[in-house]
There are 2 protein chains.
Amino acid sequence: MTTMRAAERREQERREYNAYLSECPGHQLLATLSDKWVTLVLNALADGPRRFSELSRTIPGASQKMLSQTVRKLERDGLISRTVTPSVPVRVDYELTALGESLLPVQRAIKTWAEAHIEEVHKARTEYDDRAC
Amino acid sequence: MTTMRAAERREQERREYNAYLSECPGHQLLATLSDKWVTLVLNALADGPRRFSELSRTIPGASQKMLSQTVRKLERDGLISRTVTPSVPVRVDYELTALGESLLPVQRAIKTWAEAHIEEVHKARTEYDDRAC
DNA sequence: CCGAATCCATTCGGATACTG
DNA sequence: CAGTATCCGAATGGATTCGG
């Protein structure tokens, strides 16, 4: 049963490691930042508050399901605020919080690197693909 | 059939938008950076070259399938280099390229923000959850 | 030792329809 | 207008097995 126990131990290690990762601040942030729609919503709100339908039009690629989920997640994390005006029909505005705004420079850093180096990446890719085929 | 055509147009818009996004450098970078294993491999290689099996031990959470996929992707993007030593058994070393190293400051920026603000995020979450229940 | 290929469970995301 | 609930296909990722 030695092999069996070895397998169990590896699985155990994997679990512990994943648990550790899920507590790591850096990965928690990446988990949210990496979400395709999060980035877009954050950018859409960078210029000022937006209503739900405005967001929907600004980001045509997002289904309204994804949009709902995204804004809820961001609100939960304190990155955006949600304001309901109980008129008829209802009006809901989303706005970046101070915490959310502090995230914009990080996004810009990513964007800056991307624009500066994407050419190299593309070049590397075509070279890699050419070699393969 | 007006509603039908409207639905088609929305779908068309969605397609175009997603196509546009997939060309956006920022999102291409995020797509790779956001990958859980990419971050870990990049960090594991930050200190110097590592063999495949060393990476595997450094990152117990990764199955060897994920590890393979990740290093291949990173090699294709020109972020790491792969060196095969045809001894018996074979020895394969991975190492950050200059391009890969230039990405480390970006990762650090993310990490820095995360460590500085994760507390606020956690606080926001518990408050949000308390309000809900 | 390194890695590709297969199988399978879980998750994600879109379309649709319905509530306040 | 602003969501929520459900169904279902597609993609993800782990375990296992085989090959170089």
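Keep in mind that what you see is a predicted model, and the values were worked out from it rather than measured. Sequence order sets the numbering: in each chain, residues are counted from 1 along the sequence as written. Each chain gets a letter, beginning with A, and each ligand a number, beginning with 1, in the order they are written. Local features in this predicted model are restricted to residues of pLDDT 70 or higher, and side-chain atom pairs are both shown and tallied only at a pLDDT of 80 or more, whereas totals for entire chains, interfaces and linings draw on every residue. No hydrogens and no water enter the side-chain calculation; it runs on all heavy atoms of the structure.

(A) Structural detail: the pattern of salt bridges. Residue and element names in this part refer to chain B. Salt bridges, as used here, are contacts in which a Lys or Arg side-chain nitrogen is within 4 Å of a carboxyl oxygen on Asp or Glu. Enumeration over the complete set of coordinates arrives at eight salt bridges over all chains. A salt bridge links Lys-73 to Asp-35; its shortest N-O distance comes to 3.1 Å. Here Asp-35 lies in the loop between α2 (25–33) and α3 (36–46) and Lys-73 lies in helix α5 (residues 64–76), a separation of 38 residues in the sequence. With relative accessibility at 19%, the residue Asp-35 sits in the buried group. Here Asp-93 makes a salt bridge to Arg-91, at a shortest N to O gap of 2.8 Å. Here's how the labels work: a residue is buried when its accessible area is under 20% of the maximum for its type, exposed when over 50%, partly exposed in between, all with a 1.4 Å probe on protein chains only. Judged by relative accessible area, which is 33%, Arg-91 ranks as partly exposed. Helix and strand definitions follow DSSP, with helices as H or I runs of at least four residues and strands as E runs of at least two, each counted in order from the N terminus.

(B) Quick look at the protein's contact with DNA strand C. Nearness here has a simple test: a residue counts as near a molecule or strand if at least one of its heavy atoms is within 4 Å of that partner. Around DNA strand C sit 18 residues, and of these Lys-65 and Met-66 of chain A together with Gln-64, Arg-82 and Tyr-94 of chain B come closest. Each atom of DNA strand C within 4 Å of the protein belongs either to a base or to sugar and phosphate, the latter forming 62%. Within 3.5 Å is the distance limit for a polar contact, defined as a pair of N or O atoms, with the added protein rule that one can donate a hydrogen and the other accept it, and that residues adjacent in sequence qualify only through two side-chain atoms. In the environment of DNA strand C, a base oxygen lies 2.3 Å from a nitrogen or oxygen atom belonging to the side chain of Lys-65 of chain A. Here a phosphate oxygen of DNA strand C sits 3.1 Å away from a polar atom, N or O, in the main chain of Ser-53 of chain B. Listed by contribution, the elements that provide at least two residues to the surface near DNA strand C are α5 (64–76) of chain A together with α4 (52–58), α5 and β3 (91–96) of chain B.

(C) Highlighting the relation of the copies chain A and chain B. Least-squares superposition aligns the copies on the C-alpha atoms of those residues with pLDDT at or above 70 in both. Superposing chain A onto chain B takes a rotation of 180 degrees plus a shift of 0.0 Å along the axis, which leaves an RMSD of 0.1 Å. Given the turn and translation reported, the copies of this chain are related as if by a two-fold rotation axis. In terms of proximity to the rotation axis, the leading residue of chain A is Ser-34 of chain A, whose C-alpha is 2.3 Å off the axis. What makes two residues a contact is simply this: any of their non-hydrogen atoms within 4.5 Å. The fraction of interface residues of chain A whose copies in chain B are also interface residues reaches 100%, indicating that both copies meet through the same surface.

(D) Geometry of the pairing of strand β2 (residues 80–85) of chain B. All names here are of chain B. Two strands are counted as paired when DSSP detects at least two bridges linking them. Two strands pair when backbone bridges link them, and β2 and β3 are joined in this way by six bridges, in the antiparallel orientation. In the sheet register, Val-84 faces β3, and the bridge partner there is Val-92. Where β2 folds back on β3, the antiparallel hairpin that results is connected by five residues.

(E) The arrangement of the UniProt feature "domain: HTH hxlR-type" (unreviewed entry) in chain A in detail. UniProt positions are given in the numbering used here, feature names are shortened, and annotations may be inferred rather than shown by experiment. The feature "domain: HTH hxlR-type" (unreviewed entry), as annotated in UniProt, sits at residues 24–122 of chain A in this numbering. Annotated as 64% helix and 14% strand, the span residues 24–122 of chain A places its first and last C-alpha atoms 31 Å apart.

(F) Quick peek at the protein's contact with DNA strand D. DNA strand D sits among 17 residues. The nearest are Gln-64, Arg-82 and Tyr-94 of chain A together with Lys-65 and Met-66 of chain B. For DNA strand D, the backbone makes up 64% of the atoms found within 4 Å of the protein, where backbone means sugar plus phosphate. In this structure, Gln-64 of chain A approaches DNA strand D through a side-chain N or O atom, which is 2.5 Å from a base oxygen. Side-chain polar atom of Arg-82 of chain A to a phosphate oxygen of DNA strand D: 2.4 Å apart, as the coordinates give it. Listing elements by their share of the surface near DNA strand D, those giving two or more residues are α4 (52–58), α5 and β3 (91–96) of chain A together with α5 of chain B. Among the residues making up the surface near DNA strand D, the classes are represented as seven nonpolar, five polar and five charged. Residues are grouped as follows: nonpolar covers Ala, Val, Leu, Ile, Met, Phe, Trp, Tyr, Cys and Pro; charged covers Asp, Glu, Lys and Arg; every other residue, Gly included, is treated as polar.

(G) How the structure looks around the interface of chain A and chain B. With 45 residues of chain A at the interface, the matching set in chain B holds 45 residues. Two parts lose some accessible area (1.4 Å probe) when they are put together, and adding that loss for both gives the buried area. Counting the surface lost from both chain A and chain B, the interface buries some 4,200 Å², and carbon and sulfur atoms represent 70% of this. Counting every contact that joins chain A to chain B gives four salt bridges. With its nearest N and O atoms 2.6 Å apart, the salt bridge here joins Asp-77 of chain A to Arg-125 of chain B. On the surface where chain A and chain B come into contact, there are 10 residue pairs in polar contact (both at pLDDT 80 or more). Of the residues forming the side of chain A that touches chain B, the biggest block, 14 residues, is contributed by helix α7 (residues 104–132) of chain A. Its residues assigned to classes, the side of chain A that touches chain B comprises 21 nonpolar, 13 polar and 11 charged.

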